[in-house]
Amino acid sequence: MWGLSRNKVCIGVAVDVHETSLCLDEGLGKTSRKRTWDAFGGHIERRFEHIHDKEKSHAVLAKRLNLESKAYDAKKCCTLPDRDNCLEMVNQECNLLKSLLRSHSGFRAADI
């Protein structure tokens, strides 16, 4: 199935200032504020700035952790050169994860 189907695994991706990445299972289908908080709430330090795309569920992290939040339009960022794209590190992690999962199509959602 295409798109954000309820049958697809939602994997959240975060990258910190040290370029350490974290990929977490957020369940099946489109993410929500609750699922984003449950997945990432315990992994983010309160002192950091929260840079994200304009996905509505991401706002819960900035609000509950009192983070300075900067939201960028992902579609506009894709047209920028890599050095100017503030979402580039997350985009690269997503591409690597997609490549891994596509090259090993035998993964079951329950095993992720």
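Anything mentioned here points back to the structure above.
What you see is a predicted model; the values in this text were computed from it and never measured. One numbering rule holds for all chains: residues counted from 1, following each sequence as written. Owing to the predicted nature of the model, reporting of local features is limited to residues with pLDDT of at least 70; listing and counting of side-chain atom pairs is limited to 80 or more, with chain, interface and lining totals taken over all residues. Side-chain figures throughout are based on the complete set of non-hydrogen atoms in the structure, without hydrogens or water.

Visitor: Mind showing me how you'd approach the overall build of the protein here?
Guide: Along the backbone of the protein there are four helices and four strands. In DSSP terms, a helix is any run of H or I states spanning at least four residues, a strand is any run of E spanning at least two, and both are numbered starting from the N terminus. Overall, the protein shows an N-to-C arrangement of helices and strands of β-β-α-β-α-β-α-α. A globule of 112 residues ought to have a C-alpha radius of gyration of about 13 Å, and the protein, at 14 Å, matches this closely. With the C-alpha coordinates aligned to their principal axes, the bounding extent of the protein is approximately 40 × 35 × 25 Å. Should any heavy atoms of two residues lie within 4.5 Å, those residues are considered in contact. The long-range share in the protein, meaning contacts at least 24 apart out of those at least 6 apart in sequence, stands at 29%. When the accessible area of the protein is evaluated, it comes to approximately 8300 Å², of which 53% is carbon and sulfur surface. Charge-centre separation for the protein: the mean point of 19 positive side chains lies 9 Å from the mean point of 16 negative side chains. Based on C-alpha atoms, the radius of gyration is set beside the globule rule, defined as 2.2 Å times the residue count to the power 0.38. Only the protein chains shown count as covering a residue, and every accessible area follows the Shrake-Rupley method with a 1.4 Å probe. By the counting scheme adopted, Arg and Lys are positive, Glu and Asp are negative, and His together with the chain ends is not counted. Every charge is mapped onto a representative atom, which is NZ of Lys, CZ of Arg, CG of Asp or CD of Glu.

Visitor: Teacher, can you tell me more about a positive patch on the surface here?
Guide: Here the term patch refers to residues with relative accessible area over 30% and no salt bridge, with like charges joined within 9 Å and nonpolar side chains (Val, Leu, Ile, Met, Phe, Trp, Tyr) within 5 Å. A carboxyl oxygen of Asp or Glu within 4 Å of a side-chain nitrogen of Lys or Arg is what we treat as a salt bridge. A cluster of basic side chains, namely R33, K56, K63 and R64, defines a positive patch on the protein surface. Mapped onto the fold, K63 is located in helix α2 (residues 59–65). For every residue, the accessible area (1.4 Å probe, protein chains only) is compared with the maximum for its type, and the residue is labelled buried under 20%, exposed over 50%, or partly exposed between those bounds. On the accessibility criterion, K63 (68% relative accessible area) is exposed.

Visitor: Can you help me understand the pattern of salt bridges in this one?
Guide: Side chains bearing opposite charge may pair, as long as their charged atoms lie close to each other. Applying the stated criterion across every chain, the model contains three salt bridges. Measuring nitrogen to oxygen at the nearest pair gives 2.9 Å for the salt bridge that ties E55 to K30. Here K30 lies in the loop between β2 (21–28) and α1 (33–40) and E55 lies in the loop between β3 (50–53) and α2, a separation of 25 residues in the sequence. Given the relative accessible area of 22%, E55 is considered partly exposed. A salt bridge links D38 to K34, with the nearest nitrogen and oxygen atoms 2.7 Å apart. Pair noted here: D38 and K34 are both in helix α1, with a separation of four residues, about one helical turn. There is no split in this pair, since D38 and K34 are both exposed.

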